[in-house]
Amino acid sequence: MYFVYEDSSISDFDMDGIIGLGFEGIAQVTKPGIISLLVQQYPELMNAFAIYLSINPNDDSKKSMITFGGYDLEIVSKTAVFYYTPVVRENDYTAMTYWIVSLTAFSVGDDSTFANAKTLLDSPNRVSVCGYGLDCYAIIDSGTSGIAIPKKYFGTVLDAVLQGNHCDRDALICSRTSIDKFPVIVFSLAPDNSFPLRPEDYIVCTKFNECIIRFQYT
């Protein structure tokens, strides 16, 4: 496969190009998309791709990596645990667009001592903006630099996360604080998976006691 087209909107970026992993329903340049082409041209490979994102861009021993046609156990370890969440359509009449999954709960704890997802979900002291029979969905997007939250839920989630901290709500920057002052948040995905995010997973703090919340609203 050869790609020779460069969109003008990325011509000044410090990169060679972008490979979009969305489905044909949102493809802007190349159809079919790269995943469909891989399946067609290399049927012997797994219908899959795997992404590893390093937490340290300066660590040359274990760099960020994307693998097409399967996964590399040398990256995650041979004892890695795999979780399955099915991709769903936006509705029955449209082509696949984003990697959409069913979000059964999104919860924020009131204390940073929550050690795992079950403890948080079973606790009466929590904030939840999904669940209880609601049809909620999430988009898995490797190109998004933060957690995007629907605008109607944004204020509720922000109040729960910023509790007790000195924060600029517009800039999402908190001062005179530290990483241990923020709660664990949990994404629960169908069928029965719960993934807790520690504060250091969604917040960046500097040595000057200033923390940036990696949220945005949609």
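Undergrad: What am I meant to see in the state of the cysteines here?
TA: Disulfide: a covalent bond connecting the sulfur atoms of a pair of cysteines. Applying the stated criterion across every chain yields a total of two disulfides. With its sulfur 2.0 Å from that of its partner, Cys 205 forms a disulfide with Cys 211. Between Cys 205 and Cys 211, the disulfide has an S-S torsion of 105° and is therefore right-handed. Overall, Cys 205 belongs to the partly exposed group, its relative accessible area being 31%.

Undergrad: I tried to follow the pairing of strand β12 (residues 210-213) on my own but got confused; where do I start?
TA: Each regular strand displays side chains that alternate between the two surfaces of the sheet. Alternating residues of β12 divide into Cys 211 and Ile 213, all buried, and Glu 210 and Ile 212, none buried. With three bridges joining them, strand β8 (residues 173-175) and β12 adopt antiparallel strand pairing. Looking across to β12, one finds that Ser 175 is bridged to Glu 210. Bridging between strand β11 (residues 203-205) and β12 involves three bridges; their strand directions are antiparallel. Residue pairing for β12: Ile 203 is matched across the bridge by Ile 213. What sits between β11 and β12 in their antiparallel hairpin is a turn of four residues, with Asn 209 showing a positive phi close to 60°.

The rules behind these values
Residues numbered from 1 in each chain as written. Predicted model: local features only at pLDDT ≥ 70, side-chain atom pairs only at ≥ 80, totals over all residues. Heavy atoms only, no water. Disulfide = S-S within 2.5 Å. Buried < 20%, exposed > 50% of the residue type's maximum accessible area, 1.4 Å probe, protein only. Helix = DSSP H or I, 4+ residues; strand = E, 2+ residues; numbered from the N terminus. Pairing = 2+ DSSP bridges.

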